[in-house]
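Observations on the three-dimensional arrangement
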Amino acid sequence: SKDIRNKYKKNFLIFTLSRHVYYKGIAYLIKAMHQTSNCILLIGGTGPDTSKLKNLVRNMNLETKVIFTGFIPRDKLPSYFHASDVFCLPSTEKSEAFGIAMAEAMACSKAIITTNLGTGMNSVCSNKTGITVEAKNSMALSNAIIKLQTSKTLRETFAKNAGKRISRFYTHDIMTRKAISIYNLLIKN
């Protein structure tokens, strides 16, 4: 993560990671970068929309602000989470059920920016762990980025809460799964 940090020096780093498909809302996040300064967006992953997204970056002259990392192997992921200042999941459709990458970012104690979809994703990220904005709204995304960029205290509070919340969330989830498997065993006997 030091290498990634050093590469982008004094910039505020936003990381997003997902399959590049329309409902992940990456285009809105790219457009949001227009309003920011001293920010760099790292877009992890690939998908059917990658070339369309790269064209959007070119057309908006954002090549210095938006970097496509391509596929990131699992063992390299933590260094991206740790190097970034904020993790953003700008999904636009209810098909985003949970957001595993967001949970992983929270486990690395990162402040989150996400969209309000009324799905499981929103129960993972609360208003104590990040900022939830309206979906399909680049301006709201850039405002959230700027807010976290300018308030280190807010960012650190969200980050700390995110780490705590995800460990509670998952511990509860694992306990539930264990209980279910025990019940299933009892029923079978």
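The coordinates are above.
So, here is what we can say about the structure in this document. Just so it is clear, the model here is predicted, and its values are computed rather than measured.

Each helix and strand counted, the protein has eight helices and six strands in total. Element order for the protein, N to C, with α for helix and β for strand: α-β-α-β-α-β-α-β-α-β-α-β-α-α. The buried share of the protein, taken over its 189 residues, is 47%. Sequence separation of 24 or more characterises 73% of the internal contacts of the protein that already satisfy a separation of 6 or more. With an accessible surface of roughly 10,000 Å², the protein has 55% of that area assigned to carbon and sulfur atoms.

For the rest of this paragraph, the subject is the pattern of salt bridges. Here the structure, examined in full by the defined rule, presents six salt bridges. Of the charged contacts, one joins Arg74 and Glu104 as a salt bridge, the two residues approaching to 2.5 Å between their closest N and O atoms. In this pair, Arg74 sits in the loop between strand 3 (66–70) and helix 4 (77–83) while Glu104 sits in helix 5 (residues 100–107), placing the two residues 30 residues apart along the sequence. One salt bridge in this structure joins Lys152 and Glu156, with 3.5 Å as the shortest N-O distance. In this pair, Lys152 and Glu156 are both assigned in helix 8 (residues 152–188), four residues apart and thus about one turn of the helix distant. Using a relative accessible area of 45% as the deciding quantity, one classes Glu156 as partly exposed.

A few words on the layout of surface pockets. Its volume calculated, the second largest pocket comes out at about 180 Å³. Together, Val21, Tyr22, Gly25, Ile26, Ala27, Tyr28, Asp49, Lys52, Leu53, Leu56, Thr92 and Lys136 line the second largest pocket. Residues that form the lining of the second largest pocket fall into these classes: seven nonpolar, two polar and three charged.

To continue, consider the packing of aromatic side chains. Note on aromatic pairs: each is described by the distance of the centres and the angle between the planes. Evaluation of the coordinates by the stated rule reveals five aromatic pairs. With a centroid separation of 5.7 Å and an interplanar angle of 85°, the aromatic rings of Tyr22 and Tyr23 are classed as edge-to-face. The class of Tyr22 is exposed, set by a relative accessible area of 58%. Given the relative accessible area of 23%, Tyr23 is considered partly exposed. An aromatic cluster is built from Phe15, Tyr80, Phe81 and Phe87, whose rings are joined through pairwise contacts. Across the ring face of Tyr28, the terminal group of Lys31 is positioned such that the distance to the ring centre comes to 5.6 Å. Positioned over the ring face of Phe68 is Lys54, at 5.5 Å from the centre of the ring.

Moving on: the pairing of strand 4 (residues 86–89). Along strand 4, one buried face is formed by Val86 and Cys88 and the opposite face, lined by Phe87 and Leu89, is buried too. Where strand 1 (residues 12–17) meets strand 4, two bridges bridge the pair, whose relative direction is parallel. Paired with Ile14 across the two strands is Val86, which belongs to strand 4. Bridging between strand 4 and strand 5 (residues 111–115) involves four bridges; their strand directions are parallel. In the sheet register, Cys88 faces strand 5, and the bridge partner there is Ile113.

What counts, and where the lines are drawn
- Residues numbered from 1 in each chain as written.
- Predicted model: local features only at pLDDT ≥ 70, side-chain atom pairs only at ≥ 80, totals over all residues.
- Heavy atoms only, no water.
- Helix = DSSP H or I, 4+ residues; strand = E, 2+ residues; numbered from the N terminus.
- Buried < 20%, exposed > 50% of the residue type's maximum accessible area, 1.4 Å probe, protein only.
- Contact = heavy atoms within 4.5 Å.
- Areas by Shrake-Rupley, 256 points an atom, 1.4 Å probe, with all protein chains shown as cover.
- Salt bridge = Lys/Arg side-chain N within 4 Å of Asp/Glu carboxyl O.
- 1 Å grid on protein atoms, 1.4 Å probe; cavity = no way out; pocket = protein on both sides within 12 Å on 5 of 7 lines; lining within 4 Å.
- Points joined across faces, edges and corners; volume = space filled by probe spheres on them.
- Nonpolar A, V, L, I, M, F, W, Y, C, P; charged D, E, K, R; others polar.
- Phe/Tyr/Trp six-rings, centres within 6.5 Å; stacked < 30°, edge-to-face > 60°.
- Lys NZ or Arg CZ within 6 Å of the ring centre and 35° of its normal.
- Pairing = 2+ DSSP bridges.

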